[in-house]
Amino acid sequence: MVFYRKYRPQTIEELDSKEVRDKLTSILSKDSGFHALLFTGPKGLGKTSAARIVAKAVNCEKRLKTTDLRPKKKPLKSDILHLASDIEPCNKCHQCISITNGTNIDILEIDGASNRGIDEIRDLREKIKLSPANALKKVYIIDEVHMLTTEAFNALLKTLEEPPSHVIFILCTTEPHKVPQTIASRCFHISFKKATAEELVRAFLRIAKREKISVEKDALFKISEFSDGSFRDGVKILEEIAGEAGNKKITKEMVEKIYRVTNIDSQTEAMIKFLLQKNAKEAIVLVGKITDGGVDMKYFMERLMFKLHETLLIKVGVSKEKSDIDLNIGDIKTLMDLLTKAHGKLKYSVLSQLPLEIAIIEYTSDPEGADHLPHIENDARTSLDHDSKKGAQVAPPGRGSPRQDILAQLIDKVKSQNHSIAGVLRGCSLKSYDGKKFVIEAKFKFHKEKLEDKKSREIIEDALKEITGRKTSVYFMLKS
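The paragraphs below set out a description of the structure included in this document. What you see is a predicted model, and the numbers here were worked out from it, not measured in a lab.

L24, F39, I170, I250, M271 and F300 are the most contacted members of the largest nonpolar core, which totals 85 residues. In this view, L24 contacts I12, L15, F39, A50, V54, I87 and I190; residues no more than four positions away in its chain are not counted.

What follows concerns the pattern of salt bridges. Under the counting rule described, the total for this entry stands at 22 salt bridges. Notably, a salt bridge pairs D16 with R202, separated by 2.9 Å at the nearest N-O pair. Of the two residues, D16 is situated in the loop between α1 (3-6) and α2 (18-29) and R202 in helix α10 (residues 197-211); the sequence distance between them amounts to 186 residues. Since its relative accessible area comes to 5%, D16 is described here as buried. D337 is the partner of K333 in a salt bridge, and the nearest nitrogen-oxygen pair spans 3.2 Å. Linking K333 with D337, this pair stays in helix α17 (residues 329-345), spanning four residues, or about one helical turn. A relative accessible area of 37% means that D337 is categorised as partly exposed. Taken together, the shared-partner salt bridges connect E13, D16, R202 and R206 into one network.

Counted under the stated rule, the structure contains five aromatic pairs. Taking 6.0 Å as the distance between ring centres and 75 degrees as the angle between the ring planes, the aromatic pair formed by F3 and Y7 counts as edge-to-face. One exposure class covers both F3 and Y7, and it is buried. Between F226 and Y299, the ring centres sit 4.3 Å apart and the planes meet at 55 degrees, which makes this aromatic pair tilted. Note that F226 is positioned in helix α11 (residues 217-226) and Y299 in helix α16 (residues 297-315), a separation of 73 residues in sequence. Taking the relative accessible area as the measure of exposure, F226 reaches 7% and is therefore buried. Note that K278 overlies the ring of Y363, its terminal NZ or CZ placed 4.9 Å from the centroid.

What follows covers the environment of K445. Of note, K445 is situated in helix α22 (residues 445-452). Accessibility expressed as a relative area gives 58% for K445, which makes it exposed. Placed 33 residues apart in sequence, K445 and L478 show a C-alpha to C-alpha distance of 6.5 Å.

Bringing a nonpolar patch on the surface into the picture now. On the surface, a nonpolar cluster with roughly 260 Å² of combined accessible area is contributed by V316, V318 and I329. Secondary-structure assignment places V316 in the loop between α16 and α17.

Those residues of helix α6 (residues 94-101) that fall on the buried side of the exposure criterion are Q95, C96, S98 and I99. G102 sits one or two residues past α6 and shows a positive phi near 80 degrees.

By way of backbone hydrogen bonds, the strands of a sheet pair with one another, either parallel or antiparallel. Read across the open sheet, the five strands follow the order β2-β3-β4-β1-β5; overall the sheet is parallel. Two strands lie at the open edges of the sheet, namely β2 (107-111) and β5 (188-191), each paired on one side alone. Between one strand axis and the next, the sheet turns by 15 degrees as a mean value, whatever way the strands run. Sheet strands in contact with α2 are β1 (36-40) and β5, and its direction is about 160 degrees off that of β5. Contacts from helix α7 (residues 118-128) reach β2, β3 (138-143) and β4 (167-173), with the element oriented near 165 degrees to β3.

Attention now moves to the pairing of strand β7 (residues 437-442). Burial analysis of β7 places five of its six residues in the buried class, the great majority of the element. Hairpin connection between strand β6 (residues 429-433) and β7: a loop of three residues separates the two successive antiparallel strands, and G435 in this loop has a positive phi of roughly 95 degrees. Relative to strand β8 (residues 473-478), β7 is paired through six bridges, and the arrangement is parallel. Counterpart to A442 in the pairing with β8 is L478.

We now examine the sheet that holds β6. Read across the open sheet, the three strands follow the order β6-β7-β8; overall the sheet is mixed. Where the open sheet ends on each side, the last strands, each with one partner, are β6 and β8. The average undirected angle you get between the axes of adjacent strands in this sheet is 25 degrees. Helix-sheet contacts for helix α20 (residues 405-417) involve β6 and β7, and the interaxial angle to β6 is about 120 degrees. This element, helix α23 (residues 454-468), spans β6, β7 and β8 of the sheet and lies at about 125 degrees to β8.

Rules of the game
Residue positions are given per chain, counting from 1 as you read along its sequence in written order. Under the rules for a predicted model, residues below a pLDDT of 70 receive no local features and side-chain atom pairs below 80 are neither given nor counted, while totals for whole chains, interfaces and linings still include all residues. Only hydrogens and water are set aside when side-chain values are computed; all heavy atoms of the structure are taken into account. Buried Ala, Val, Leu, Ile, Met, Phe, Trp, Tyr and Cys residues that are joined via side-chain atoms within 4.5 Å together make up what is termed a nonpolar core. With a 1.4 Å probe rolled over the protein chains alone, any residue whose accessible area is under 20% of its type maximum counts as buried; one over 50% counts as exposed, and the rest are partly exposed. Contact between two residues is taken to exist if any of their heavy atoms lie within 4.5 Å; hydrogens are not considered. Note on definitions: salt bridges are taken to be side-chain nitrogens of Lys or Arg within 4 Å of carboxyl oxygens of Asp or Glu. The secondary structure listing takes helices from DSSP runs of H or I that are at least 4 residues long and strands from runs of E that are at least 2 residues long, numbered from the N terminus. For Phe, Tyr and Trp, where Trp contributes only its six-membered ring, two rings pair if their centres lie within 6.5 Å, and the inter-plane angle classes them as stacked under 30 degrees, edge-to-face over 60, or tilted in between. Charge-over-ring contacts are defined here by two conditions on Lys NZ or Arg CZ: a distance within 6 Å of the ring centre and an angle within 35 degrees of the ring normal. Residues forming no salt bridge and having over 30% relative accessible area are the ones grouped into patches, like charges within 9 Å of each other and nonpolar side chains (Val, Leu, Ile, Met, Phe, Trp, Tyr) within 5 Å. Only the protein chains shown count as cover for residues, and all accessible areas are computed by the Shrake-Rupley method using a 1.4 Å probe. DSSP calls a pair of strands paired once it identifies at least 2 bridges connecting them. A fitted line through C-alpha atoms represents every axis, and for helices the fit uses only the stretch in contact; the resulting angles, taken between N-to-C directions, go from 0 to 180 degrees.

Below you can see the structure in the form of structure tokens.
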């Protein structure tokens with residue numbers, strides 16, 4: 001079994017976020033009880049694990065036997081640590097073991113994405129009325145709850161307003177802004193924030209000790225840099241490196257070698273230099289070298305953004321350090337916006353380097369795309385007309401239209417539909433246009449393939465139809 005599943009936290013104390021531990025301890029220590037919790041935060045931070053721990057804590061047979069022995073007074077903050085041992089599940093009784101194994105019929109885990117309709121929630125409401133089969137509390141853990149439909153949320157709200165005393169809901173989501181306020185307001189909210197380096201290392205040390213992995217603490221902090229604040233991702237990396245290391249002690253240098261990041265700072269500086277020069281060709285060549293060298297593209301982009309963030313703090317006077325990067329605040333903001341979008345698309349990109357390459361092209365291209373618009377056939381002119389410069393509506397292009405106009409308009413139209421496709425178009429040129437055929441010339445093969453994609457082609461053809469007022473066939477070719 002992989003580490004992140006094998007070593008899922010089984011008690012509150014094993015949860016590596018101190019803030020989450022403290023909040024759960026406080027909630028479970030109160031005599032008043034609760035009927036709904038809302039866990040929010042990015043993936044891989046332990047929301048589902050925490051939900052299962054809560055399910056065990058409210059049903060643990062050992063805890064139930066000792067409940068009457070606990071003080072009836074409301075616990076003070078100073079008492080919380082003392083009470084922590086009382087609220088922890090024993091993980092030995094039938095209820096705890098069956099919940100851990102996923103066989104407890106009174107603990108139901110529901111995928112909000114697959115059970116998002118009103119019929120599923122209505123069915124759930126009917127079953128809620130039934131008392132638990134064996135446990136004290138029925139616990140419904142709804143993962144990705146934001147995926148429920150509006151009608152399903154409305155049905156769930158009625159249950160949350162008047163819940164049966166034997167039911168507890170634990171709602172988990174990575175997108176809390178999509179959860180209606182009427183739902184959120186009826187829950188105790190616990191925010192799972194990205195883990196700090198110290199919290200990640202705490203988790204790594206716990207696993208390393210149990211697996212008898214010999215590792216330097218500096219190496220664990222280096223692993224935390226690759227983890228993006230995610231316990232799950234960090235543990236996966238630790239397992240991968242432990243497999244590579246075998247019986248050898250894991251050192252910081254070994255981690256850097258496996259992830260090939262020893263040269264990352266110089267590559268980051270080189271990339272910023274090419275961006276300063278608006279040199280798209282050299283920047284993309286560097287991306288290719290980084291990819292071929294086996295460097296994790298996600299990590300490289302994060303280091304690049306980290307360097308830009310450092311520069312931003314210097315520019316606004318927050319940091320007293322010196323910087324030799326000649327970017328103004330506006331340039332940094334633009335780059336950070338482009339890189340943030342590119343970083344978010346990494347997960348879904350067929351080619352890991354593509355989002356960064358598109359960001360480079362968007363940043364280095366002229367805002368109006370003029371640097372990438374060569375001669376258009378049929379008497380193209382050399383400048384925009386007076387009305388076009390004023391921002392007036394330009395007539396559908398044809399014989400005698402300004403040569404910069406049609407591709408610039410196309411990019412603007414496409415940008416409102418798809419930012420990435422517009423970015424690729426900025427790196428292309430218009431080979432020819434005779435009123436019926438629109439031929440786009442791409443500099444790179446992967447750009448041509450991106451534009452030839454069915455969805456991309458449809459967006460481009462629809463945009464051209466809006467501009468020209470006629471159906472136009474679009475062709476793509478690779479620049480020789």
